[in-house]
Amino acid sequence: AYYTLFSLFPFLLSLIAAGSFFLDREEIYQEIERFIIAAFPVSQDLLEQNLRTVAALRAPVGALGLLGLLWSATGVFSSLTHSINRAWPGSRPRPFLRKRLLGLGVAAAVAALLLLSALATTAANLLAPLSPPSWAPLALDWRPFQFLMARAASWFIKVLIFALLYAWAPNRRVPWHAFTWAAI
């Protein structure tokens, strides 16, 4: 929880910097001001001054925010892999650098699989209103099948995320049947 909370500020910095490249700056300022004023009791003048500074220095601030986000993401997954490693009998602790590199690898794999899950769900939702293919029987409604396939793909990707986590986290070889059942 500590590292997750710690990653919130770099994540917001990265979003502000990335959003300022694509969206209208005033629109970004107004949305972020509303969010931060509602979430944190701070001076509005101080908030506006800091947001303008971040937007003016968006490239270095974005890079710094991304580095902070990566560091805190490795902390989240390093703690998680450390806990799973301790729960597995016969595992010995990893050195600090290997633990952080494993955390970075797990964070990258989880991010890629979550992106894949979101893309699969989006593709299924975009295909749902389309008419059935010309070779399909005319009386068959494809929408329930597409909905089921989207849910199955999303579930499969989540199971894959947990299976990879349970397979990689312990500092020893884990039999495939052990991490597969744990993931399901």
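Residues numbered from 1 in each chain as written. Predicted model: local features only at pLDDT ≥ 70, side-chain atom pairs only at ≥ 80, totals over all residues. Heavy atoms only, no water.

Across its full length, the protein carries eight helices and zero strands. N-terminal to C-terminal, the α/β element order of the protein is α-α-α-α-α-α-α-α. Out of the 184 residues belonging to the protein, those deemed buried represent 30%. Of the roughly 12600 Å² that the protein leaves accessible, carbon and sulfur atoms contribute 71%. (Helix = DSSP H or I, 4+ residues; strand = E, 2+ residues; numbered from the N terminus. Buried < 20%, exposed > 50% of the residue type's maximum accessible area, 1.4 Å probe, protein only. Areas by Shrake-Rupley, 256 points an atom, 1.4 Å probe, with all protein chains shown as cover.)

The next point concerns the nonpolar core. Grouped together as the largest cluster of nonpolar side chains are eleven residues: Phe 77, Ile 84, Leu 102, Val 106, Ala 107, Val 110, Leu 113, Ile 157, Ile 161, Leu 165 and Ala 169. Counting residues per element, this core draws most heavily on helix α6 (residues 96-127), which supplies five residues. Once residues within four sequence positions are removed from consideration, Ile 157 is found in contact with Leu 113, Leu 116 and Ser 117. Grouped together as the second largest cluster of nonpolar side chains are five residues, Val 159, Ala 163, Val 174 and Phe 179 included. (Core = buried A, V, L, I, M, F, W, Y, C linked by side-chain atoms within 4.5 Å. Contact = heavy atoms within 4.5 Å.)

Where nonpolar side chains cluster on the molecular surface, the patch consists of Leu 66, Leu 67, Leu 70, Trp 71, Phe 96, Leu 97, Leu 101 and Leu 104 and spans about 830 Å² of accessible area. Where the nonpolar patch is concerned, the elements lending two or more residues are α5 (58-87) and α6. Looking at the element boundaries, Phe 96 is found in helix α6. The exposure class assigned to Phe 96 is exposed, which follows from its relative accessible area of 52%. (Patch = residues over 30% accessible without salt bridge, like charges linked within 9 Å, V, L, I, M, F, W, Y side chains within 5 Å. Salt bridge = Lys/Arg side-chain N within 4 Å of Asp/Glu carboxyl O.)

In the structure shown here, the tally under the stated rule is one aromatic pair. A cation sits over an aromatic face here: Arg 100 above Trp 71, 4.0 Å from the ring centre. (Phe/Tyr/Trp six-rings, centres within 6.5 Å; stacked < 30°, edge-to-face > 60°. Lys NZ or Arg CZ within 6 Å of the ring centre and 35° of its normal.)

So, on to α5. Working note: α-helix, 3.6 residues per turn, so residues spaced by three or four point in the same direction. For α5, which comprises 30 residues, the first-to-last C-alpha distance of 43 Å matches the rise-based estimate of 44 Å (1.5 Å per residue) to within 8%. Taken residue by residue, α5 has Val 61, Gly 62, Gly 65, Ser 72, Thr 74, Gly 75, Phe 77, Ser 78, Thr 81, Ile 84 and Asn 85 as its buried positions. (Expected span 1.5 Å × (residues − 1).)

Structurally, Asn 171 is set in the loop between α7 (143-168) and α8 (176-183). On the accessibility criterion, Asn 171 (14% relative accessible area) is buried. For the pair Asn 171 and Gly 90, spaced 81 residues apart in sequence, the C-alpha separation works out to 8.6 Å. When neighbours within four sequence positions are excluded, Asn 171 is seen to be in contact with Asn 85, Ser 91, Arg 92, Pro 93, Arg 94 and Arg 98.

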